[in-house]
Amino acid sequence: MPIYEYRCRACEDKFAHLHRRADEPAPACPSCGAAAPRKLFSVFSASIAVKTPSCSLGKCPSGGSCKTGGCPLG
Ligand SMILES: [Zn+2]
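The numbering scheme is per chain: residues are counted from 1 as the chain's sequence reads. In keeping with the predicted nature of the model, local features appear solely for residues at pLDDT of at least 70, side-chain atom pairs appear and are counted solely at 80 or more, and the whole-chain, interface and lining totals rest on all residues. Derived side-chain values reflect all non-hydrogen atoms in the structure, with water molecules and hydrogen atoms excluded from consideration.

Q: Help me understand the packing of aromatic side chains, please; the structure alone is not making it clear to me.
A: Aromatic rings in a pair are described by how distant their centres are and how their planes are angled relative to each other. Aromatic rings from Phe, Tyr and Trp, taking only the six-membered ring of Trp, are treated as a pair when their centres fall within 6.5 Å; an angle between ring planes under 30 degrees marks them as stacked, one over 60 as edge-to-face, and anything in between as tilted. If you walk through the whole model with that rule in mind, you get one aromatic pair. Their ring planes at 25° and their centres at 5.9 Å tell us that Tyr6 and Phe15 sit as a pair that is stacked. For the pair Tyr6 and Phe15, one class covers both residues: buried. Only protein chains enter the accessibility calculation, which uses a 1.4 Å probe; a residue whose area is less than 20% of its type maximum is buried, one above 50% is exposed, and one in between is partly exposed.

Q: Sorry, what's going on with the pairing of strand 2 (residues 14-18) here?
A: Side-chain direction in a regular strand flips from residue to residue, so the side chains alternate between the two faces of the sheet. Side chains of strand 2 alternate between two faces, with Phe15 and His17 buried and Lys14, Ala16 and Leu18 left unburied. Whether two strands pair depends on DSSP finding at least two bridges between them. Strands here mean DSSP runs of E at least two residues long; helices mean DSSP runs of H or I at least four residues long; both are numbered from the N terminus. Examined bridge by bridge, strand 1 (residues 3-7) and strand 2 share five bridges and lie antiparallel to one another. Bridge pairing in strand 2 links Tyr4 to His17. In this structure, the hairpin formed by strand 1 and strand 2 is closed by a connection of six residues, where Glu12 is found at a positive phi of approximately 65°.

Following this line, the structure appears as C-alpha cells:
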C-alpha cells in the first residue's frame with residue numbers, strides 16, 4: 001500500500017495519505033477540508049534531481065572549477 005504526500009491548494013498544509021487501492025482518489029485536506037490537493041514528488045525522486053550536475057546554474061558539485069572551463073562533470 002503506497003503512501004503519497006499531498007499539499008493543500010487552499011491552506012498549503014502538507015499531509016500524507018495511505019492508499020489502500022491504486023485507483024483511490026486524492027483525500028480532502030485534514031485541516032480545512034478542501035478537495036483535490038497537489039500530489040508531491042517523493043523524497044526519493046527529489047534527491048535524485050538535486051544530485052544531477054548542473055554547471056550552468058553555478059552549482060557544480062565539482063567545487064566551482066567549471067567556471068574556468070575545466071569541469072570534470074561536463
Ligand atoms: Zn487545507
